[in-house]
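# A structural walkthrough
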Amino acid sequence: MRDETVTNSTGRVDDSGSVFTTAVLAVNALVVLLIISSNSLVLAAIRLDSCLREDIRYIFIGGLAIADLLFGLSMTYNFITVFALYWVDSYYGCLTAYVMPVISLTASSFSVFLITVDQYVSVVYALRYRNVMTATTAKRLLRAVWCGSVFFGCTVYMGWNTYDGRCLMLDAMSPSFLLTMGTMAYMLPILCMIVLYTRILTIARYHVRQIALQEQINQDPLLRERGVKLQREVKMAVTVMIVLGVFTFSWLPLVTVQFIDAFNPGKNARCN
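Residues numbered from 1 in each chain as written. Predicted model: local features only at pLDDT ≥ 70, side-chain atom pairs only at ≥ 80, totals over all residues. Heavy atoms only, no water.

For the protein, the count of helices and strands is nine helices and two strands. Seen in sequence order, the protein has helices and strands lined up from the N terminus as β-β-α-α-α-α-α-α-α-α-α. For the protein, with 272 residues in total, the buried portion stands at 39%. Excluding contacts between residues fewer than 6 apart, the proportion of contacts in the protein whose partners are at least 24 apart in sequence is 73%. (Helix = DSSP H or I, 4+ residues; strand = E, 2+ residues; numbered from the N terminus. Buried < 20%, exposed > 50% of the residue type's maximum accessible area, 1.4 Å probe, protein only. Contact = heavy atoms within 4.5 Å.)

Okay, here's the thing in structure tokens:
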């Protein structure tokens, strides 16, 4: 997006395009700053607190923060190469601008999915949770997510693209890749999370009611403690569902464009 002026019919120079470009860049720069700073603070808090480093949920939250931080860095790369240096003529220089968000989206969606799985195990298999979901298991799951995300993103470098010298996402990225990415890295995890959270809320509310009834009869402090813990799990589940909703709608415009382009029969007939 070059900073150009346009001369109108009266012979005056029209700077509206330049002003609009400056405004867009300023807003995007602010968004990037917020993304990088907020996720950096999350990672710093986890790194400095030994208790958080061993907490299963914060291990997954840290993985999500890294994915979001990568997206902020990818936006920074786009600004530098496209808006400042125009270094998009090279094969790898152009594709990197789109590979980084692909890795970020894939890792981010599956990190949220792992948070959902952790929540599901803690509610449905509460008595076995400590044995099933350990810190070692969580770290291994995160490594698997990141290895898979990086490999999937790097397939673009290996030839899964339609780069022809034009560094636009819908020109450089293969329709089949965009379709696979939208399905496997966005729709599938979200559908699985919706199913899991429906199950979590159903089971948790049932147990809360049962514990409340038993507590009225037995007056057992252990039952009261378990009921309070389940109520916290329900609140946590609702909070993560809100995060899931924000995640879904934030990536929805990009994925929608990808699906429309993937099913567009006139893609290959675009003018150069």
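Now, onward.
Before going further, it helps to spend a moment on the environment of V257. Of note, V257 is situated in helix α9 (residues 221–262). Since its relative accessible area comes to 37%, V257 is described here as partly exposed. With residues up to four places along the chain from it excluded, the contact list for V257 reads M169 and L170.

Turning our eyes to something else, we now look at the nonpolar core. One recurring pattern in soluble globular proteins: nonpolar side chains tend to sit buried together. Membership of the largest hydrophobic core comes to 57 residues, with the highest contact counts inside it found for I56, F60, M173, F177 and M181. Mapped by element, the contributors of at least two residues to this core are α3 (56–85), α4 (91–124), α6 (135–154), α8 (175–218) and α9. The dominant element in this core, judged by the number of residues it contributes, is α4, at 16 residues. (Core = buried A, V, L, I, M, F, W, Y, C linked by side-chain atoms within 4.5 Å.)

Moving on, we get to the packing of aromatic side chains. In total, this model carries eight aromatic pairs according to the counting rule given. Here F152 and F177 contribute two aromatic rings whose centre-to-centre distance is 4.8 Å and whose plane-to-plane angle is 15°, an arrangement assigned as stacked. Separated by 25 residues along the polypeptide, F152 in helix α6 and F177 in helix α8 bring together distant segments of the chain. The two residues F152 and F177 agree in class, both being buried. In this structure an aromatic cluster arises from ring pairing among Y91, Y92, Y157 and Y163. (Phe/Tyr/Trp six-rings, centres within 6.5 Å; stacked < 30°, edge-to-face > 60°.)

Pairing is possible between side chains that carry opposite charge, provided their charged atoms lie close to one another. In total, this model carries two salt bridges according to the counting rule given. Taking the shortest distance from any N to any O, the salt bridge between E54 and K139 comes out at 3.9 Å. Here K139 lies in helix α6 and E54 lies in helix α2 (residues 50–54), a separation of 85 residues in the sequence. R57 serves as the salt-bridge partner of D118, at 3.5 Å between the closest nitrogen and oxygen. (Salt bridge = Lys/Arg side-chain N within 4 Å of Asp/Glu carboxyl O.)

Taken together, L30, L33 and L34 make up a surface patch of nonpolar side chains, about 310 Å² in accessible area. Relative to the helices and strands, L34 resides in helix α1 (residues 16–48). (Patch = residues over 30% accessible without salt bridge, like charges linked within 9 Å, V, L, I, M, F, W, Y side chains within 5 Å. Areas by Shrake-Rupley, 256 points an atom, 1.4 Å probe, with all protein chains shown as cover.)

This part is about the environment of W160. Tracing the backbone through its elements, the reader meets W160 in the loop between α6 and α7 (169–172). On the basis of relative accessible area, W160 is assigned to the partly exposed category, the value being 29%.

Look at α4: 49 Å from first C-alpha to last across 34 residues, which is about the 50 Å you get at 1.5 Å a residue. At A97, α4 shows its maximal bend, which comes to roughly 30°, and the proline P101 appears one to four places after that position. The element α4 is largely enclosed, with a buried count of 28 among its 34 residues. (Expected span 1.5 Å × (residues − 1). Bend = angle between axes of the 7 residues up to and from the residue.)

With that out of the way, let us pick up the side chain of S149. Along the polypeptide, S149 turns up in helix α6. You can call S149 buried: its relative accessible area is 1%. Setting aside residues up to four positions removed in sequence, S149 forms contacts with I103, T106 and A107.

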